[in-house]
Amino acid sequence: MGDDSEWMKLPVDQKCEHKVWKARLSGYEEALKLFQRIEDEKSPEWGKYLGLIKKFVTDSNVVAQLKGLETALAFVMNAHIAGKTTGEVTSGVITKVFNQPKARAKELGLEICLMYIEIEKAEVVQDELLKGLENKNPKVVVACLEALRKALSEFGSKIVTLKPVVKVLPKQFESREKAVRDEAKLLAIEIFRWIRDALRPPLQGINSVQLKDLEEEWVKVPTAAPKQTRFLRSQQDLKAKFEQHQANKGDEVDGEEEEDTVVVVDPYELLEAVDILAKLPKDFYEKIEAKKWQERKETLEAVETLAKNPKLEAGDYGDLVRALKKVVGKDANVMLVTLAAKCLAGLASGLRKKFGTYATLVVSTILEKFKEKKPQVVQALQEAIDAIFLTTTLQNLSEDILGVMDNKNPSIKQQASLFLARAFRHCTQATLSKSVLKPFCAALLKQVNDSALEVRDAAFEALGTAMKVIGEKAVNPFLADLDKLKLDKIKECADKVELPGAKRGASGGDKKPAAKAPPPSEAPSKSSGPPKKTPAAAASKPSAGPSKKGKPATASGAKAKKGVEAKEIIETELAIEVCEQRAALVLPASCLEHLDSANWKERLASMEEFQKAVETMDKIEMPCQALVRMLAKKPGWKETNFQVMQMKLRVVAIIAQRGQFSKTSASVVLECLVDKVGDVKCGGNAKEGLTAIGESCSLPWTAEQLVSLAFSQKNPKNQSESLNWLANAMKEFGFAGINVKAFINNVKIALGATNPAVRISAIALLGVMYLYMGAPLRMFFEDEKPALLSQIDAEFEKMQGQSPPAAIRGTRKSGPEADGDDGDEPEEDAAGPPDIMDLLPRTDISDKINCDLVSKIGDKNWKIRKEGLDEAAAIISDAKFITANIGDLSLALKGRLNDSNKILVLQTLTMLQQLATAMGPGLKQHIKPLGIPIITVLGDSKANVRAAALATLQAWVEQTGMKDWLEGDDMSEELKRENPFLRQELLGWLAEKLPNMRTVPGDLMQCVPQLFACLEDRNGDVRKKAQDALPMFMMHLGFDKMTKAAGKLKPASKDQVSGMLEKARAVMPAKPAAPSKAGDGAGKAPGSKAAAGPRPQASGDDATDSKPEGKKIRGGGAAAKRGTLGKKPAAKGMKEEEDRSGPIFTLIPNAKEQRSKEEKQLKILKWNFTTPRDEYLDQLKAQMSTCFAKWLQDEIFHFDFQRHVKAIGVMMERLESESEATIGCLDLILKWFTLRFFDTNTTVLMKVLEYLKLLFAMLSAQGFHLSEYEASSFVPYLILKMGESKDGVRKDVRTILTLLCKVYPAAKVFPLLMDGTKSKNSKQRSECLEELGLLIEGNGLTVCQPTPAKCLKEIAVHIGDRDTSVRNAALNTVVAVYNVCGEQVYKLIGNLSEKEMSMLEERIKRSAKKTPAAAPAKQSAPERTQPPNSTATFLRKPAQEDPNKLKIMYRTYRIQARQNAQHNEPSHPSIPREFQLDLDMIETDQGRVGDLPDLVQHQLEELLEPIVMPEPKMRSVSPHYDELHNSTASTINFVISQVASGDINTSIQALAQIDEVLRQEDKAEVMSGHIDQFLIATFMQLRLTYNTHMADERLDKKDIFKLYSCIIGNMLSLFFMESLAREASMGVLKDLMHGLITLMLDGRVEDIEDGQQLIRSVNLLMVRVLERSDQTNILSALLVLLQDSLITTGGSPMFSELVMKCLWRMIRYLPESINSINLDRILLDVHNFMKVFPKDKLKQLKSDVPHRTLKTLLHTLCKLTGVKILDHLSMIENRNESELEAHLRRVVKHSGNLSGIKSDRGNEKSGPRTEDRMSKAKVSDILSEIFKKIGSKENTKEGLTELYEYKQQYSDADLEPFLRNTSQFFQSYVERGLRMIESEREGKGRIQTTAVIPQHGVDSGPLGGNNGEDLKPAMYYERLKILRQRKGLENHTKGLGGVGGVGGPEDEQQQQQRLPISSLLSPKPPVASSTDMLQSKLSQLKESRELYQQELSPHGHSPPRGRSASPSANLDDLKKRLERIKSNRQ
C-alpha cells in the first residue's frame, strides 16, 4: 500500500507514464474525466498530454490499454492540437491495437482513426493504414482493410483518396489468409459503390474465380448514388443539410444532394503509368526500316503489345511517332499499315493529352491513307484518328482535315466527313464555336453536291451531327445555299444522332435561347445566307438584316454580330409583271402612269407621289424589289433630268431605310448609284442611297459590290468618289466583316490608276483601313514603287496613335440585341481580334520544310545548324503570312531551344517571334510542342537569353491569348523544375498576364502546390516573384480554394503560407470587367435608347484600360456623346459655365496624411500597377470626390481627350491662386497624371508635362518637399515616359526630373532611376543612365543608394548592352564617377570583360582630353560641399591629382594592348576572358592581325630624368597590370583554339607553334594552366579528322597524315614534361585515350602511306601518357573508359581489349606509384564499375579478361597497402551497392598481408624514435598536396609557404621523389621560392620571386607592390617591342624558331639543332607568329625583372644575363624607332 500511496499523490500526466500499470490505469481514468471537462479546445492543458497519447494506445497492459484508448479518443475529439499526433497515434493503433483479440479494443482503435479523419487528417491516416497492409500479421491487415472500408463508407470518395487504395487492392486478393481476401472483397464492393465501372480495369489481373464472385456482388449493389454520412469539421454546413434531408426526406433536396456527392472517377486515373520507351526493342529503328516485311512486322507487333498498356508514362515519343507515321504513309504492306495504326491508337489512348503534341504530325497522313479500301485497314485508321482526336482539339486539326476535303479520291472525302461527324459528337456548344465550324460547313456543303453517294451521305451525317450538337439556329446561317430537300435530309440525320453521355444536348441548346427571345415565325424559313457569300464576309458582321426586327435570337449564345445572317432578307428575283402587279397595289395609278412620261415635269410629279406613298407605307407591306424595279422602268437610270434623277435616288434611300430591303433589290439599283456617285448634282443623293443599302444589306457586301462595279467602268470620277464614300462608310459602320483580300486587289488597281484623284482616294482609304488593321496592312504593298510606298507610309504616319472611331451606323436592330447577349463573351473575345488576321492571305510553307532542312537544323556542327536556321527564317520572311502547317519545323526548332550554343538559342527565339507574327492565330496549335519549350528557356543562366525568351513569349501570347498556355499540366511541370531563374521569370510573367484575364482554365489549380513551394524557395528572387504572383492566382482561383490547397502542406509551411495568403487577400485585384459593354455596345447601338445619357465616370474608367480596349472605349464615348449632347438645352450649358467660377480644389486638413496612412495599413489599394485597372480608377474617383470640384472631376474622367486638355488648362491658370489647395490634393493630382501617362494621345501628354513643370517649379519656390507616399505613386511612372519615342516628351521629362530633385532627395530618386534601367525599352535605359550620371556629377557618390559599389556594378552591366545609345550612356555615367573618385572607379565597377574595359578606358581617356582643366574644378566642388563621411575615401587625393608621365604612358599601353587583343581574339560578350575556350566561335575567325594603332605622342625626354621615377612603395601598380601577363594567356588561348579548326592547314600551323613552345623547357611552363584546354582541342581535332576528313575523298591523305603527325608530335612533347602532363584532368584523359585508341583501330589509317609508322607512334604516345600523367587521373580514366566500352554493345571488342592492356600496364606501375595515388578515388571508381557490372554480369561477358583485370588490380592494391586499404572506402556513400568491400576483405584475409606485416615491423623498430612523426603514406599525401598547390597558378605562393614550414618542422623530410620527375626550371623555381621565404622571415632583405607562372591577385609583398616591380624605362622598351612584334614590324628573324632580337646566338644554335614540327609547313608566314610573340614577351619580361632585381637588391650577386645597354641608350633607340614608324605611316 505504501507503494500505491506514492503514485497516488502524483499529478495526472505523471501517473499516465508511471511504470506501475495500476497507476497508469488510474491516470487514464482521471485524464478521461479531465478531457471531458475542458470546454476550451485551445486550452493549454491539452499541451501537457501531446507526447503521451501514443503511449495511451500502445500500453503493454491490456486493461490499461483499453482505458487508454478511450482517453485517447476523447483527446482527439476535443483537443485543438490533436492533429499533431495523427501519424504516431495511428501507427500505434495499427501495430498494437489491431492485433488484439479484444473486439472492444479494435472498435476503439477504428473509432480513433475515423476521428482523426474527421479532424481533417484523412491523408495521414490513409497513409498509415496503407502501410499497415504490409504488416505480416493478417489480423492487422484485416483491421486496416476494414478501417479503409468504414472510412470510405462514411466519408465518401471525396475525402478518402481511392487511387492508392485501388493500387494495393489486387495484392490483397492474393493473400493466403481467407479473412484478408474476404475483407478485400468487401472493400472492393464498397469502392464499386462509389466509382462503379472505373474499378474494373485495375482488378482485371486478379484470379478469375474471385473476379467472377466480385462481378456477382457488384450486380447486387444498388444503383442509387451513395452519400456521405459523416462529415469533416469544415463540412458542418453539409452536415446540417444532410440532417435536414434525413428529417424531411424531401425529394428535391435529394436531387440536389445527389448532384453534390457523386464523384465521377476516371478509370485512367487509377492506373499506374508504364514506361514503354525503355522497353522498346533496342534495334527497333533499324528493323522498322528493314527490307523484309516479316522483320518490320515483328518489331511493330512488339510495339503494339507495349502500346496496349492503358496508361503510358510521359516521355519523348517524337521518334517513335515519326517511325509509325512513315509506315502508315509509305509502307506498301497493308498488314503493317494496320499494325502501325493500332500502335498509334494505343499511344494516343495511353498518353491522352500528352499525345496532343504529336497529333498534327500524323493526322494528315492517316486521312490520306483512307484511300485504302480494305475494311481492316480502314477500321484501324478510324480507331487511330478517333483516339488521336481525343488528345487534342478540333481547331488544331482543322487545317489537316480541310486539306483533304477537296481530294479527288472519294474514299478520303467520305472518311474525312465521317471522322468529322464522330468528332462533332465529342464537342459541346462551347468547343464547337462558329469560328471553328464555319470552314468545315463550307467544305461539307461542297460534298453535299458530290457525284459519289457515299460522300454525300457522309457530309449529311457530319452536318446533321453539328446541328444536333450546337442547335439548328446556329448552323442555319451556314446552310443558306441548300435547297429544302437537302436541308430536310440534314435535319433527319440530326434526329438520328445520339450524343455520348449528353442529357438531351441538342434540345437544351435550342430551348434556352428560344425561351429568352422567340424570333418571328418567318425567320427560320428565310434565315439563310446570301447565294454568293464569301467566307470573309460571313465571318463577323456588325450590321445586316432588316430594321426594327423583333428580339435577338441568340441561338448558340453567340453575339448579335455573329448571328446576324440568320435575320438576313432573302428574296428571289421577281418577273417584271409580278413587280408591276405588286407596285399597283401600293402606289397611286397616276404615279405609275407618268413614270415613263416623255414630259420631265410629269415624271417629277410622279416621283413626288412615289416618295409620299413610300414614306407612309408600312414596312412589312412594302414590296421593295417591285418598287425599285418600277424606278428602273424606262427611262429608268438613264434619266436625263437631274431633278427627277435626284428624286429617284432619294426614293431608293427611303425604300432601303424603311423597307425589308434585300440584296436582290440592292443589286437592281447599285449599278445606277455607282454610275451617279461621281455626278456633281446627284452624287450626294447617290451616296445617301449607298449608305442606306449598307445599313440594310451590311457594309461588307455593299462595299464589295461597289468596288467591283466602280472598277469595271472607266470613269475616274466615279472610281474616286466610290473610294471616298467607302473610306467614310468604314468609319461610320466599323470594319468588321470587310473582305480584306478582295479589297486589297481593287485598291492596288486604284493605286496603279493614271488619274491622280483615284490614287489619292485609294491612299486615303488605306489610311482608314490602317486604323483598324494596323501594321499588317503595309505588308501587302511592300512591292509597290518606292514613291508610291512613301505616300502610303506618310498616310499611315498621320493615322499613327489615332483610335478608330466608334461605329455610328449598322443594323438598326443591333441596339436591342446588344442588351441580351453577354452569353458568349469569351468566345467573342477569342474570335474578334483575329478576324482581321484571318483575312490575310497565307502561304503554306510545309513543302519547303523538307528533310534536308530539318536535318540541317539538327546537325552536329553548329555552323550547319545556323545555316539551317537562316534558311528557315528566310522561308518565313519571304512568305510574310503563313498557315499553321509547318511540317517538322516545330520539332527541329524545339531541339534548338536547348542548343549548347547560346547564339543559336537566341537566333531560334528571334525566329519564333518572326513565326508568331507570320502565323497569327494559327499559332495556337503549336503552343504545346513549341510554346512550352520557350518557357523552359527562361531557366537559362544568361540574362540576355531569358530576356529574349520573355520577348518571344510576349509575341506568342499576343497571337494566341493566354488561355491555351494554362491548359494542361505544362505550367505546373515547368514550375516543378528547381531552377531559380525559371521560377522567378515564369512567376513574374504569370503575375503580369493573369490580371488581364477574365477567365482561366481549371488547370491553373495544378500550379498552386508549386507556387507554395516557390514561396519557401531558398532563392530570395523566387520568393519575391511568388509573393507577387499570389494575389493574381487568388483573383482567379479564390481565397478558399487556395487555403484548402495550403491545408495539405506540412505544419510549418502551412502557417507561413497561410499568413501570406491573408496578406495577398488584402491586395488581391478584382477581375477585369467584360469589355463588351463600353466598346461593343457603343459600336452597335449609338442611336438606341440604351445609350441615352453620358456616363463620364464609366468612360473614364475604361479609358485607362489596356491599349486595345482603350481604343474601343474612347470610341464608345464619342458615340454616346453624339447621341446625347444635341438634346441638352443651351441654358443648362450656360449654368454649368457659371458653376465653374468657384475653386477647383478644396483644402481638407490632414486628408492627404489620412490617405497615406490608409495606404500603409493596406486599407486601400497601393498605387502600384503595370497598367491601370478599374479598381484603381474607382478608388481615385472616390478620393477626389471630396476635394475636387464636381465639374472638374467630370472633365478629367471624360472620354474625350479634348476635355482633359481643357481641364489641365484650368488647373494651370489656378496653380498660383490655389497653390495651398493644390498642395493639399497633390497626391491625387499626381496619381491622375500617372493615368495620363498610359494614354496614347500626344496632345494630352505634352499638356500634362507642361503643367508638371509649372507645378514642380511652384513647389520648389515654396520650399515644399514631396513625401515618400507622393513620390512612390508618381516618379516610377514619370520614369516610364523617359522611353518615349518623341524627343520633345523626353526633353520635358528630363526638365521635370531636374526640378523634382529640388523637392525630393536625389538619393531617393537614384534607386527609382536604377529600376528604370532594367526596362526592355532601350531609350528608357539610356535616358535613365544619363540621368544617373548627372545626379552623380551634381551630388557626388553619396547619391548612389544603397551603396556606390552595388549601383556601379549594375550600371557597368549596361556597357555590354546591344543598343549603342545605352552603351554610350553607361560609359558616360561611369566617366562621371571617374571624374568624382578617380581610379577608385575600377574597384567599384567590378570585373568587366576585356572588350568592355577597353571601351571604358578609351572613353575615360577621351573625356580627359576634352576637359583637362574641368576635372579638378569639378572635384573640388564635392569636396567642399559634402560632409566628411565614408564617401570621402572615394574622392581623389590632392597628391594623386598630378599623375606622372609614366602613368600616362602605362595607361596608353594598356589601352592599345586591349585594342590589339580585340583584333587577335574572338570575343563574345558572355564569355569571361580568363582561359575559356569557345571553339564554335573561334572556328569562324580567320581574321589576321589588324593595323597598327595610332601611337600617343609623349615627351620622351622626360623619361631620361631619373628623379621623375616614383618610389614603388608610394603606390601599388594598378590591378590591371596583370593584363600584361594575361595577353600571354589570351595568345595561347587563340593558338589552342586554332588547333580544333576545321581547316587542316590552320590546325597544323597552330600545332607547330605550340610544339615550338613545348620543345623548349624554359618556355614550356607558359602552357601550365592550359593543358586541359589544349588536350580538349586536340581530341576534338582527332574526332573531326576521324569522322569528317578521313571520309572526305577530296582531301589529300598526305595532308591528313601530316595533321596526325603534328598532333602526335605535340602530344609526345607535352607528355615528355611530367609537370605539364600531370595537369591533365581525369575527364580529359578519358576522352584523349578514347581518341587515341579509336585512331589505332581505324583501318583507314593503314591505307595511308606510312600508316603503320603512324600507329607505332600512337602506341608510343599512349605509353608516354600512361607513364607521365597523374596516376590517379589516368587510372580513373581507364576504369571509366572500360566501363563505357563494355556498356556500349555496338562497340568494337578490340577497343575494350586495348583499354584493358593499358590497365595492365598501369598495374605494373603500381609498386612505384602507390604512394602518389589517391586510393579513395580509385576505389570509388572500382565501386561504380562493380555496381554496373556485378561479378555475375562480368562472368556473362564473352571474354573473362575484364573480370581478371579487375581482380588483378584489386589484388595488387591489397598486396601493396594491406589492411589499410579498407580505410580508403570513405568516398563511397553506400558500400552495399557493390561487392567491392566484401572482395577486398576476402583478398586481405587470404593474401597473408605481407606488405602490411613488413610495414608493421618497420614501425615497431622506429616506433620510439618517430612517435611524433607521421606515417610514410601520410607524409606522401601531404607533400603531394603541397606540390600540387605549387604547380597551380592560383595557389603557388601558398604551396611554397607550406613547403617551407613543413621543412622547418621535419628537417629530414626527403623531397627528392617529388622533384625527381620535374623539369630543371621547376626545381630552380621551388628553390628560389624557399630562399625568398627564408630571407623574408629572417629580415635579411627583399628578394623577389621570379614566378613565371602568370598569377592574378598575388598577396602584396613587403614593399606593397602587387608584383613588386619598379616601373623602369627598360620595361616600356620591352612593351613597345612586344607591340611592334604583334603588328609585324619586327620580323627580321631567321626561321620560325627564333625570336626577333631576344635570344642570343646560343638560342639560334639550339633551334637549328632541334628541328621543330614546323619544318613540315609550307612557306613561313610574313607576320610574326603568335609563338614568336609569346616567347619574346616571356624572355623580355624575365629580363626586365632580373634587371630590376639586380638594381633593387643590395645583396644581388648574379650578374644580369640580359642586354648590357643602359636605359638611356635604349631610350635613344626607342625614339629613333618611333620616328621611323611615324615616317613609314605617313
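Details of the structure are given in the entry above.
Note that the coordinates shown come from a computational prediction; the quantities given were computed from them, not determined experimentally.

A. Region of the structure containing the overall build of the protein chain. Helix and strand counts for the protein chain come out as 106 helices and zero strands. Per-residue burial over the protein chain gives 52% buried out of 2026 residues. Of the contacts made within the protein chain by residues no fewer than 6 positions apart, 76% connect residues no fewer than 24 positions apart. Roughly 94000 Å² of accessible area belongs to the protein chain as shown, and the carbon and sulfur atoms make up 52% of that amount.

B. Molecular detail of a positive patch on the surface. Together, Lys1735, Lys1739, Lys1751 and Arg1786 line one region of the surface with positive charge. Tracing the chain through its elements places Arg1786 in helix H97 (residues 1780-1791). We classify Arg1786 as partly exposed; its relative accessible area is 39%.

C. Molecular detail of the environment of Arg1294. Counting through the fold element by element, Arg1294 comes out in helix H73 (residues 1287-1303). Residue class for Arg1294 comes out partly exposed when judged on its relative accessible area of 30%. For the pair formed by Arg1294 and Ile1279, sequence separation is 15 residues and the distance between their alpha carbons is 9.3 Å. If sequence neighbours within four positions are ignored, Arg1294 has contacts with Glu1327 and Glu1331.

D. Summary view of the nonpolar core. In this structure, Phe1188, Leu1192, Leu1252, Phe1256, Leu1266 and Phe1310 are the most contacted members of the largest nonpolar core, which totals 99 residues. Setting aside its immediate chain neighbours within four residues, Phe1310 contacts Leu1332, Leu1335, Ile1336, Val1343, Cys1344, Gln1345, Cys1351 and Ile1355. Met1590, Ile1607, Leu1620 and Leu1780 belong to the second-largest nonpolar core, a separate cluster that totals 95 residues.

E. A look at the pattern of salt bridges. Across all of its chains, the model carries 77 salt bridges by this definition. A salt bridge links Glu215 to Arg200, with the shortest nitrogen-to-oxygen separation between them at 2.4 Å. Of this pair, Glu215 sits in helix H12 (residues 208-220) while Arg200 sits in the loop between helix H11 (178-195) and H12, and the two are 15 residues apart along the sequence. Residue classification places Glu215 among the partly exposed residues on the basis of a relative accessible area of 27%. Accessibility expressed as a relative area gives 25% for Arg200, which makes it partly exposed. One salt bridge in this structure joins Lys1829 and Glu1842, with 2.8 Å as the shortest N-O distance. With Lys1829 in helix H99 (residues 1816-1831) and Glu1842 in helix H100 (residues 1836-1849), the pair connects residues that are 13 residues apart, well separated along the chain. Through salt bridges with shared partners, a single ionic network connects Glu111, Glu118, Lys150, Glu154, Arg230 and Arg233.

F. Quick peek at unusual backbone geometry. For the bond running from Gln1345 to Pro1346, omega is 0°, close enough to zero to count as cis. With respect to the helices, strands and loops of the structure, Pro1346 is situated in the loop between helix H75 (1322-1339) and helix H76 (1348-1357). Look at Arg196: it is not a glycine, yet its phi comes out positive at around 55°. By the element assignment, Arg196 lies in the loop between H11 and H12. A positive phi angle, close to 60°, is found at Asn1150, a residue other than glycine. Here Asn1150 lies in the loop between helix H63 (1130-1139) and helix H64 (1151-1160).

G. Summary view of the packing of aromatic side chains. If you walk through the whole model with that rule in mind, you get 26 aromatic pairs. Where Phe192 meets Trp218, the ring centres are 4.7 Å apart and the plane angle is 10°; that geometry is what we call stacked. Taken together, the positions of Phe192 in helix H11 and Trp218 in helix H12 put the pair 26 residues apart, joining distant regions of the chain. The same class applies to Phe192 and to Trp218, which are both buried. Clustering of aromatic rings is evident, with ring pairs tying together Trp1167, Phe1169, Tyr1176, Phe1238 and Tyr1277.

H. Just the packing of helix H48 (residues 862-879) against helix H50 (residues 902-919), in detail. In the contact formed by H48 and H50, the axes pass within 10 Å of each other and the chain directions differ by 15°. Considering their axes alone, H48 and H50 lie roughly parallel with respect to each other. The element H48 and its partner H50 pack so that their crossing is left-handed. Residues Trp862, Arg865, Lys866, Leu869, Asp870, Ala872, Ala873, Ile876 and Ser877 of H48 form the contact with H50, whose own contacting residues are Leu904, Gln907, Thr908, Met911, Gln914, Leu915 and Ala918. For the contact of H48 with H50, the per-class residue count stands at nine nonpolar, four polar and three charged.

I. Structural detail: the packing of helix H25 (residues 453-470) against helix H27 (residues 484-496). Close contact between H25 and H27 brings their axes to 7 Å; oriented N to C, the two are set at 65°. Taken as a pair, H25 and H27 cross one another with a handedness that is right-handed. Side by side, H25 and H27 meet where Asp457, Phe460, Glu461, Leu463, Gly464, Met467 and Lys468 of the first sit next to Lys486, Lys489, Ile490, Lys491, Cys493, Ala494 and Asp495 of the second. Tallied by class, residues from the contact of H25 with H27 come to six nonpolar, one polar and seven charged.

J. The environment of Leu336, seen in detail. Following the sequence through the fold, Leu336 ends up in helix H19 (residues 334-351). Spatially, the C-alpha atom of Leu336 lies 9.3 Å from that of Gln294, the residues being 42 residues apart in sequence. Not counting residues up to four positions away in its chain, the partners in contact with Leu336 are Trp293, Arg296, Lys297, Leu300, Val327 and Asp331.

K. How the structure looks around helix H9 (residues 138-155). Across its 18 residues, H9 extends 25 Å between first and last C-alpha, which sits within 8% of the 26 Å expected from 1.5 Å per residue. Buried within H9 we find Val140, Val141, Val142, Ala143, Cys144, Leu145, Ala147, Leu148, Ala151, Leu152, Glu154 and Phe155. Lining the buried residues of H9 we find helix H6 (86-97), helix H7 (103-118), helix H8 (122-132), helix H10 (162-173) and H11. The opening residue of H9 is Asn137, an N-cap whose side-chain oxygen sits 2.9 Å from the backbone nitrogen of Lys139. Where H9 ends, the next residue or the one after it, Gly156, has phi of about 85°, a positive value.

L. Summary view of the side chain of His1747. For His1747, the location among the structural elements is in helix H96 (residues 1745-1761). The buried category is assigned to His1747, whose relative accessible area is 14%. Not counting residues within four places of it along the chain, the set of residues in contact with His1747 comprises Lys1735, Leu1738 and Lys1739.

M. Here's a closer look at the environment of Asp331. With respect to the helices and strands, the residue Asp331 is situated in the loop between helix H18 (318-330) and H19. It is 9.9 Å that separates the C-alpha atoms of Asp331 and Arg296, two residues lying 35 residues apart in sequence. In contact with Asp331, other than residues within four places in its own chain, are Arg296, Lys326, Leu336, Val337 and Lys369. Here Arg296 takes part through its side chain, which lies 2.9 Å from a polar atom of the side chain of Asp331. From its side chain, Asp331 meets the backbone nitrogen of Asn333 in a polar contact 3.0 Å long.

The rules behind the values
- Residues numbered from 1 in each chain as written.
- Predicted model: local features only at pLDDT ≥ 70, side-chain atom pairs only at ≥ 80, totals over all residues.
- Heavy atoms only, no water.
- Helix = DSSP H or I, 4+ residues; strand = E, 2+ residues; numbered from the N terminus.
- Buried < 20%, exposed > 50% of the residue type's maximum accessible area, 1.4 Å probe, protein only.
- Contact = heavy atoms within 4.5 Å.
- Areas by Shrake-Rupley, 256 points an atom, 1.4 Å probe, with all protein chains shown as cover.
- Patch = residues over 30% accessible without salt bridge, like charges linked within 9 Å, V, L, I, M, F, W, Y side chains within 5 Å.
- Salt bridge = Lys/Arg side-chain N within 4 Å of Asp/Glu carboxyl O.
- Lys, Arg positive; Asp, Glu negative; His and termini not counted.
- Charge placed at Lys NZ, Arg CZ, Asp CG, Glu CD.
- Core = buried A, V, L, I, M, F, W, Y, C linked by side-chain atoms within 4.5 Å.
- Phe/Tyr/Trp six-rings, centres within 6.5 Å; stacked < 30°, edge-to-face > 60°.
- Axes fitted to C-alpha atoms, helices over the stretch in contact; angles between N-to-C directions.
- Parallel < 35°, antiparallel > 145°, perpendicular 65-115°, else oblique.
- Left-handed = near helix turned anticlockwise from the far one by under 90°.
- Nonpolar A, V, L, I, M, F, W, Y, C, P; charged D, E, K, R; others polar.
- Expected span 1.5 Å × (residues − 1).
- Polar contact = N/O pair within 3.5 Å; in protein donor to acceptor, adjacent residues only side chain to side chain.

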